[in-house]
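Overview (structure and organization)
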Amino acid sequence: MDVIDVSWGDPHEGGVKPLTFVRQVLAACMYPELVESDKLPVDVKQRAQSLLSACDGGSVGSYTPTGGISYILCSVSNFISRRDGGVPSSPENIFMTSGSQRSLMLVLKLLVHNQASLPTGVLTAVPASSFFIMMLQSLGAAVVPYYLDEEQGWAIEVEELRRALQASKGVCNTVALYVINPGNPTGHVQSRKCIEKVIRFAAEERLFLMVDEVYQESVFGEGSEFVSYKKVLSEMGPPLSHTVELASFHSASKGFMGECGLRGGYVELVNLDPAVMRYAYTLFSTDICAPVTGQLALELMANPPRPGDPSYPVYAQETQSIRAMLVHNMNWVPEFLNNIPGISCQPMMGGAFVFPGCIYPKQPLRRPRWWGCSLTCGTVNSY
């Protein structure tokens, strides 16, 4: 058995093949002469022409507006609205960046106040992505840990959030709550009821919600479904739907596309004060623009082939194959780990990771019961 390092959640590194439609459109955008050839499907050539027309000078080598190409921002906005059952989304509230991690960093810069007497604190799940913790530390912010409930499938408990927030009093000024749904590295998927409780907690404590939703396509557990925080917030109605401040992050790096190297991500900002939005635009302008190839990838993620399109049969076959592989591994990996003496593993509902626990029967168990190791569903018999 080969062990493959996919700890960064990079599907292509692990052997997943790129989607044909995505690479065909990208190829035609990079080398426009392909649009005139008869070797590409009609819808591929039409999409490439539309994307090139949206680029200044008709070239992917041109700079774009700071927030992203207007045509692509509209595609992403329409994708969000369709995903959320018609909840309005405005392109003016969306910024495209070189990956969702860059979006996270820039939003943190909006929140972190280095001149204050106390450091800025961010409620952060344990376990969580090590990269996010490193970002907080690099900005001089404080990690305020809250522990996910392993026995309840790594659920977020509001009582634990309150405990963590209370413990931070006098140590730091906690201004934000960071949540990951579907979970990384725990593989959990939050229920609508759980999301409602978290939103109410954020409203009561006047916390900014940072919601990492990059694995939203990767939900496979029976009875589980992805529901965005923005959708739930909207359906909760006023005053919450008009007052809770929220940043939602997504990326072309995860899900079925897995185009990590193209560096395409976005953040949608919800309910921010207009003055703060103006400052956000200034802050995001420091990057000039996101890589054009990453922006193209986001458009293709947001607007894939549909039934009736020439490219749809191949696209459907490829995505169904990836899904079948992930479902197989999602079921197989926890079962395999739970058969190892001294190892326990919660069922995987979504995302790309499982987080096994190591049990020490001769010593009293103390929180946390997990150890610093994560396995992805793709590491065993997948790629």
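Let us look at the structure shown here. (Residues numbered from 1 in each chain as written. Predicted model: local features only at pLDDT ≥ 70, side-chain atom pairs only at ≥ 80, totals over all residues. Heavy atoms only, no water.)

In this section: the overall build of the protein chain. Tallying secondary structure elements over the protein chain gives 12 helices and 11 strands in all. Relative to the globule expectation of 21 Å for 383 residues, the C-alpha radius of gyration of the protein chain, 21 Å, shows essentially globular dimensions. Overall size of the protein chain, expressed as C-alpha extent along the three principal axes, is 70 × 55 × 35 Å. In the protein chain, which comprises 383 residues, the share counted as buried stands at 54%. A fraction of 69% describes how many contacts in the protein chain between residues 6 or more apart in sequence connect residues 24 or more apart. (Helix = DSSP H or I, 4+ residues; strand = E, 2+ residues; numbered from the N terminus. Rg over C-alpha atoms; globule rule 2.2 N^0.38 Å. Buried < 20%, exposed > 50% of the residue type's maximum accessible area, 1.4 Å probe, protein only. Contact = heavy atoms within 4.5 Å.)

The next point concerns empty space enclosed by the protein. Tallied over the entire structure, the rule returns 3 cavities of 30 Å³ or more. Each pocket or cavity is described by its volume, and for the second largest cavity that value is around 50 Å³. Taken together, A125, P127, Y146, L148, I156, V179, I180, G183, N184, P185, T186 and H188 make up the lining of the second largest cavity. Partitioning the lining of the second largest cavity into residue classes produces 8 nonpolar, 4 polar and no charged. (1 Å grid on protein atoms, 1.4 Å probe; cavity = no way out; pocket = protein on both sides within 12 Å on 5 of 7 lines; lining within 4 Å. Points joined across faces, edges and corners; volume = space filled by probe spheres on them. Nonpolar A, V, L, I, M, F, W, Y, C, P; charged D, E, K, R; others polar.)

A separate point is unusual backbone geometry. In this structure, the amide linkage connecting N181 to the following residue, P182, adopts the cis form with an omega of -5 degrees. Residue position: P182 is located in the loop between β4 (173-180) and α7 (192-204). With an omega of 15 degrees, the peptide bond running from N184 to P185 counts as cis. With respect to the helices and strands, the residue P185 is situated in the loop between β4 and α7. Non-glycine residue R206 carries a positive phi angle of around 55 degrees.

Taking burial as the measure, the 8 residues of β4 include 6 buried ones, the bulk of the element. Alignment of strand β2 (residues 120-126) against β4, held across 5 bridges, turns out to be parallel. The residue bridging T120 from the neighbouring strand is N173, located in β4. One ladder, built from 5 bridges, connects β4 with strand β5 (residues 208-212); its direction is parallel. Counted as the bridge partner of Y178 is M210 from β5. (Pairing = 2+ DSSP bridges.)

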